[in-house]
Amino acid sequence: MMKNFEVPIIYRSPLITAIKKKRKETDKMKRDFTPTLLDFGPLQIYLARHFGFCYGVENAIEIAFKTVEENPGKKIYLLSEMIHNPQVNADLQSHGVEFLQDTYGKELIPFNILKEGDIVIIPAFGTTLDMEKRLKNLGIQTEKYDTTCPFVEKVWNRSEAIAMKNYTIIIHGKPWHEETRATFSHAAANAPSLVIKNMQQAIELTHYITGNKPATDFYEEFKGQYSPGFNVEKELKRIGVVNQTTMLASDTQAIADLLKQTMISKYNLTAENVEEHFADTKDTLCYATNDNQSAVTGMLETKADLAIVVGGYNSSNTTHLVELCEKKLPTYFINSEENILSEKEIIHYNFHTKEEVLTADYLPVKHPVKILLTSGASCPDALVEGVINKLAGFFSVTDIVEDLRKNFQ
Ligand code: SF4
């Protein structure tokens, strides 16, 4: 499955490529989640065992840049951001690729200017059945330029399997996220479907399953999150859960457990007959989400002064890495090394309030300073190396970067 993709060299980092290769060779089964120490003397950076471009992102980038290369003079559009990384999206735009919609599905370019033969690239998140139909009606061939990740398609297939057994599909995901909107559309074509965004909504849902809350409240509470004609009294008797591929693994497990337990209590079920009301399936998080979250958990066992997480602010998988780090130590979520203004100041994203903030004195005055570092699945390694170089510059140890690379080779 893990093939090598052709990704523009500017996204790669010689240092990180060497480290990843070495770690892979010595840990083929991916059992070791301890971070890699980059020892600069006064600065110690602990790099997570897994981070950066995943299968789906590399696949999407390869297809997009190949499409640009092979179609000079043709109009090339992206349905929306291809992945949630500002640099990659800006690079595609600089190659003449235009975005039809923003992340939330708002039209940026009117669809009626599309002509037969124009190219529309479908992003790694996939798209809705309605959108596929709309593009087909405009004479656009989408199959050839579809970068939908196979791990997202797996969620659609799981939904279909659950629907075939007459369960209602509960999708644990962010209702506005492209991937969840696409999954919802595929699920709703086969069975009554409902999106729940977090544990809070899962708890509320249990009140409708047990009948503790009047059914009429449901439609207001879950507005915009259920399929047309959803009948709350009939359609919460048999349910199955799927997940957006990038959710937090611990939340995902807790939500599935809660819903299963609710069914067990309501219908007096045992392990033998639980499937009468609850489709007992595994979660649909993708391998990259699991690897990157496990790597952060492993990284957090090292005592450090702060953590830096690099990635797009609208990236779901990156946000969850930030969430894990934040529980343990001061964490700075940045989308490039440019956010590190100096050794005194850093601009970083607070995903709770959805705004960038400036923090002063983020680097402690001590010896050595210990920093944990990771990035999301849509973040180029070159950006992480940029962060390493910037930090090394503050300690006048940039010359060590090259020595480190050689050591890993
Ligand atoms: S994060 Fe997972 S599902 Fe999303 S593109 Fe990467 S491999 Fe695919």
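Residues numbered from 1 in each chain as written. Predicted model: local features only at pLDDT ≥ 70, side-chain atom pairs only at ≥ 80, totals over all residues. Heavy atoms only, no water.

1. Quick word on the overall build of the chain
Within the chain, the regular secondary structure consists of 13 helices and 14 strands. In terms of overall dimensions, the chain is globule-like: its C-alpha atoms have a radius of gyration of 23 Å, near the 22 Å expected for 409 residues. Put simply, the chain has 409 residues, and 53% of those count as buried. Pairs at least 24 residues apart make up 69% of the contacts formed inside the chain by residues separated by at least 6 positions. Counting only carbon and sulfur atoms, one obtains 51% of the accessible surface of the chain, whose full area is about 18700 Å². (Helix = DSSP H or I, 4+ residues; strand = E, 2+ residues; numbered from the N terminus. Rg over C-alpha atoms; globule rule 2.2 N^0.38 Å. Buried < 20%, exposed > 50% of the residue type's maximum accessible area, 1.4 Å probe, protein only. Contact = heavy atoms within 4.5 Å. Areas by Shrake-Rupley, 256 points an atom, 1.4 Å probe, with all protein chains shown as cover.)

2. Looking at the packing of helix α10 (residues 287-299) against helix α11 (residues 316-326)
Where α10 contacts α11, the two axes come as close as 10 Å, and the packing angle between them is 20°. Relative to α11, the element α10 lies roughly parallel. Crossing of α10 over α11 shows right-handed handedness. Facing α10, whose interface residues are N292, Q293, V296, T297 and M299, α11 presents H320, L321, L324 and C325. (Axes fitted to C-alpha atoms, helices over the stretch in contact; angles between N-to-C directions. Parallel < 35°, antiparallel > 145°, perpendicular 65-115°, else oblique. Left-handed = near helix turned anticlockwise from the far one by under 90°.)

3. A word on the site of the ligand
In the vicinity of the ligand, the contacting residues are C54, G56, C149, F151, V152, T245, T246, C286 and Y287. Taken atom by atom, the bulk of the ligand overlaps the largest cavity. Among the residues forming the shell around the ligand, the class breakdown is 6 nonpolar, 3 polar and no charged. (Near = heavy atom within 4 Å. 1 Å grid on protein atoms, 1.4 Å probe; cavity = no way out; pocket = protein on both sides within 12 Å on 5 of 7 lines; lining within 4 Å. Sits in = over half its atoms within 2 Å of the grid points. Nonpolar A, V, L, I, M, F, W, Y, C, P; charged D, E, K, R; others polar.)

4. Quick look at empty space enclosed by the protein
Over the atoms, a rolling probe the size of a water molecule traces out where space has been left empty. With the rule as written, the count across this model stands at 2 cavities of 30 Å³ or more. Roughly 300 Å³ of volume is contained in the largest cavity. In terms of lining residues, the largest cavity is bounded by 24 residues, among which C54, V57, F125, T246 and N317 are the most central. Among the secondary structure elements, those contributing two or more residues to the lining of the largest cavity are α2 (55-70), α5 (150-164), α10 and α11. The element best represented in the lining of the largest cavity is α10, accounting for 4 residues. Looking at the lining of the largest cavity residue by residue, the class counts come to 12 nonpolar, 11 polar and 1 charged. (Points joined across faces, edges and corners; volume = space filled by probe spheres on them.)

5. Side note on α10
Working note: α-helix, 3.6 residues per turn, so residues spaced by three or four point in the same direction. In this model, α10 (13 residues) spans 18 Å end to end at C-alpha, consistent with the 18 Å of a helix rising 1.5 Å per residue. A288, T289, D291, N292, Q293, A295, V296, G298 and M299 are the residues of α10 that are buried. (Expected span 1.5 Å × (residues − 1).)

6. A look at the packing of aromatic side chains
In total, this model carries 18 aromatic pairs according to the counting rule given. An angle of 85° between the planes, with centres 5.3 Å apart, marks the rings of F218 and Y219 as edge-to-face. For Y219, a relative accessible area of 28% corresponds to the partly exposed category. Each member of the aromatic cluster is reached from another via a ring pair, and the members are Y208, F218, Y219, F222, Y226 and F230. Directly above the aromatic system of F51 lies the positively charged group of K20, at a separation of 4.5 Å from the ring centroid. Sitting over the ring of Y167, R238 keeps its end group 4.0 Å from the ring centre. (Phe/Tyr/Trp six-rings, centres within 6.5 Å; stacked < 30°, edge-to-face > 60°. Lys NZ or Arg CZ within 6 Å of the ring centre and 35° of its normal.)

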